[in-house]
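Structural features, examined
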Amino acid sequence: DVVTMDKIVALCKRRGFIFASSEIYGGLGSTYDYGHYGVLLKTNVKNEWWRAMLQERDDIVALDSAILQHPDVWKASGHLAGFTDPMVDCRTCKARFRADHIAERQPGIVCPKKPSKLPGEGPDCDLTEARDFNLMFKTNVGPVESTSSVAYLRPETAQGIFINFKNVMSFARKKPPFGIAQVGKSFRNEITPGNFIFRTREFEQMEMEFFVPPSEAPHWYETWKQERFDWYTRLGIRPAGLRLREHDADELSHYSSGTADVEYLFPIGWSELEGIANRGDFDLSAHAAESRTKLEYFDPGSGERYVPHVIEPAAGADRATLAFLVDAYDEEQVDGELRTVLKLHPRLAPVKVAVLPLVKKDGQPEVAKEIVQALRGLMQTEYDEGGAIGKRYRRQDEIGTPWCVTVDHETLTERTVTLRDRDSMTQERVAIDALPALLAGKLAA
Ligand code: ATP
């Protein structure tokens, strides 16, 4: 396969998708800033998630809860006590590792501080016993630093949903089965972040909690595994690079009766994109006990009262964005030259159409700008008149623009343009007036 993580990182920087954060200060490890095309791409990913959750069904409502929450939220959820990773240190070089990651990678790690004869060879790090490291970022709310002002940046968006269950029940006119969906930033003080935007300390999640009558939980667990798998393939991920992996019994959290990961074949190997879990009544019961608030469903018709069970699909917006980038990346030989192209699904592509005058004279720029005006508001459109046409096509190929409209000398007499398809590179002649409807149709397909 042609794609490597280095090529993705290089393209993202070269074309303005994603930059290392705080670059002019030497960078801050594993934090990233999204540039213009990166913002457009990630926004499209999140919008497609919202579309699948809200527009394409009528049993889910939206929520946007605060990042800072009452510290008891994390007590009830179990994060204060148990949201930890096993950490080991090297006594000599002070490097820090996640114990479970060391085992995955290599038996020993060469310690940079210990003397060795050959570069890259030498004694292993002298590792301490593993100890639990809590991944939550701690801060203080208000001007006084005291134990009573401690707060945490949320390490997941899910708890904001559970603590709003009662609010939503009282206004949403929904009864189980129904869901609450949320997209937003989460923070984890990961011991070993890395692999570009795959694992960072600040990231965006797309989570949905689906509340169901307990007897229906197995059915909805199966349904959501399939739904979420299909979402990725519908948006262009090759099925051969995607799999659903059911957790073994020893991987399950104590409250979960089933968890499966949607995994993608990244250049670093099969890795989690999203987890779908059958969480039972663990979350609502825990928050009900901690807050002394009834968190249950009462059916006025049957008089039945129960704590709904929860099916949770939890995805990462940045990780999904990375998967779409990796999957779309392609290199081809065209007329003896290398063409790099992002074959992104048109709905994910940052720019849908580029309008290009063949030459910067003879009235061509004017007509091109008129076309841009007609497409404005309909879809993300870009105008580019600088440089050779071949170079401009290559640039659009690299940012994944599915269609290029070229204005040439015929345009001025015939009011037609060429419409170039990114993947096949074929061109067809199209009437200017037909363009908006034609492109809108292709985008909706
Ligand atoms: P991992 O095993 O990779 O640490 P996790 O199982 O802890 O992930 P969850 O708590 O299930 O992850 O979070 C749901 C999703 O949020 C993940 O599937 C992933 O897409 C995303 N996510 C979690 N942690 C990170 C991170 N540090 N950086 C980027 N995305 C993340």
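Residues numbered from 1 in each chain as written. Predicted model: local features only at pLDDT ≥ 70, side-chain atom pairs only at ≥ 80, totals over all residues.

What follows concerns the overall build of the protein chain. Across its full length, the protein chain carries 14 helices and 23 strands. Taken along the three principal axes of its C-alpha coordinates, the protein chain extends 80 × 75 × 50 Å. Across the 445 residues of the protein chain, 33% fall into the buried class. Taking the contacts inside the protein chain whose residues are at least 6 apart along the sequence as the reference set, 63% of them involve residues at least 24 apart. (Helix = DSSP H or I, 4+ residues; strand = E, 2+ residues; numbered from the N terminus. Buried ≥ 20, exposed ≤ 12 C-beta atoms within 10 Å, placed from the backbone. Contact = placed C-beta atoms within 7 Å.)

The next point concerns the nonpolar core. Of all hydrophobic cores here, the largest spans 90 residues; its most connected members are Phe210, Ile311, Ala323, Phe324, Leu325 and Val405. Considering each element in turn, this core owes the most residues, 8 residues, to helix H10 (residues 317-328). Taken domain by domain, this core gets at least three of its residues from each of domain 1 (5-68 + 156-325) and domain 2 (351-444). When residues no more than four places from it in sequence are discounted, the contact partners of Val405 are Val353, Val355, Leu356, Ile371, Val417, Leu419 and Leu435. (Core = buried A, V, L, I, M, F, W, Y, C linked by C-beta atoms within 7 Å. Domains from an automatic or database assignment.)

Turning our eyes to something else, we now look at the site of the ligand. Around the ligand, the surrounding shell holds 16 residues, and the nearest of these are Phe203, Gly275, Ala314, Gly316 and Arg319. At the level of elements, strand S10 (202-212), strand S13 (269-280), strand S16 (309-316) and H10 are the ones that each hand at least two residues to the shell around the ligand. At 4 residues, S13 tops the list of elements feeding residues into the shell around the ligand. Considered class by class, the residues forming the shell around the ligand number 4 nonpolar, 4 polar and 8 charged. (Near = placed C-beta within 6 Å. Nonpolar A, V, L, I, M, F, W, Y, C, P; charged D, E, K, R; others polar.)

Along the chain, the position of Gly258 falls in strand S12 (residues 258-266). With 18 C-beta atoms packed within 10 Å, Gly258 lands in the partly exposed category. Between the C-alpha atoms of Gly258 and Lys225, which are 33 residues apart in sequence, the distance is 11 Å. Excluding anything up to four places from it in sequence, Gly258 contacts Tyr221 and Asn278.

Moving on to the sheet that holds strand S11 (residues 242-246). Taken together, the 7 strands give an open sheet; going across it, the order is S3-S9-S10-S16-S13-S12-S11, and neighbouring strands pair in mixed fashion. Each of the sheet's edge strands pairs with one partner strand only, and the pair in question is strand S3 (60-63) and S11. Shown here is a sheet whose adjacent strand axes are inclined to one another by a mean of 25°, direction ignored. When S13 meets S16, the two strands line up antiparallel, connected through 6 bridges. For Glu274, the partnering residue across the bridge sits in S16 and is Ala315. (Pairing = 2+ DSSP bridges. Axes fitted to C-alpha atoms, helices over the stretch in contact; angles between N-to-C directions.)

Counted residue by residue, strand S21 (residues 403-407) has 5 buried out of 5 residues, so it is predominantly covered. Relative to S21, strand S19 (residues 353-357) is paired through 5 bridges, and the arrangement is parallel. Paired with Val355 across the bridge in S21 is Val405.

Before going further, it helps to examine the domain arrangement of the protein chain. It is common to give the size of an interface as the accessible area that goes away when the parts come together. Once the domains are mapped, the protein chain shows domain 1 (5-68 + 156-325) and domain 2 (351-444). Computed from C-alpha coordinates alone, the two centres of domain 1 and domain 2 are separated by 37 Å.

Below, the discussion takes up the packing of helix H2 (residues 36-55) against H10. Axis separation between H2 and H10 bottoms out at 10 Å; the angle between their running directions is 110°. Taken together, the axes of H2 and H10 lie roughly perpendicular to each other. For the pair H2 and H10, the contacting residues are Leu41, Lys42, Val45 and Lys46 in the first and Ala317, Ala320, Thr321 and Phe324 in the second. Across the contact of H2 with H10, the residue classes break down as 5 nonpolar, 1 polar and 2 charged. (Parallel < 35°, antiparallel > 145°, perpendicular 65-115°, else oblique.)

Time to look at the UniProt feature "binding site: substrate" (unreviewed entry) in the protein chain. On the UniProt side, "binding site: substrate" (unreviewed entry) is annotated at positions that read Arg98, Glu156, Phe203, Glu204, Gln205, Met206, Glu207, Glu312, Pro313, Ala314, Ala315 and Gly316 here. Annotated residues spanning 219 residues; largest pairwise C-alpha distance 26.3 Å, indicating distribution over more than one region. Along the chain, Glu204 falls in strand S10. Those residues in contact with Glu204 that sit more than four places away from it in its chain are Val183, Gly184, Lys185, Gly316, Ala317 and Asp318. As for its placement among the helices and strands, Glu207 is situated in strand S10. Under the C-beta neighbour-count criterion, Glu207 is labelled buried, with 25 such atoms within 10 Å. Not counting the four nearest positions on each side in its chain, Glu207 is found in contact with Glu156, Thr157, Ala158, Gln182, Glu312 and Ala314. (UniProt positions renumbered as here; feature names shortened; annotations may be inferred.)

Turning next to the pairing of strand S9 (residues 178-187). Within S9, 7 of the 10 residues are buried, which leaves the element mostly enclosed by the surrounding structure. One ladder, built from 4 bridges, connects S3 with S9; its direction is parallel. Across the sheet, residue Ala62 finds its bridge partner in S9, namely Ala181. Examined bridge by bridge, S9 and S10 share 10 bridges and lie antiparallel to one another. Bridge pairing links Gln182 to Glu207 in S10.

This part covers unusual backbone geometry. With an omega of 0°, the peptide bond between Pro176 and Pro177 qualifies as cis. Not every positive phi belongs to a glycine, and Ser22 is a case in point at roughly 55°. Following the sequence through the fold, Ser22 ends up in the loop between strand S1 (18-20) and strand S2 (32-34). Overall, the presence of 12 C-beta atoms within 10 Å leaves Ser22 in the exposed class.

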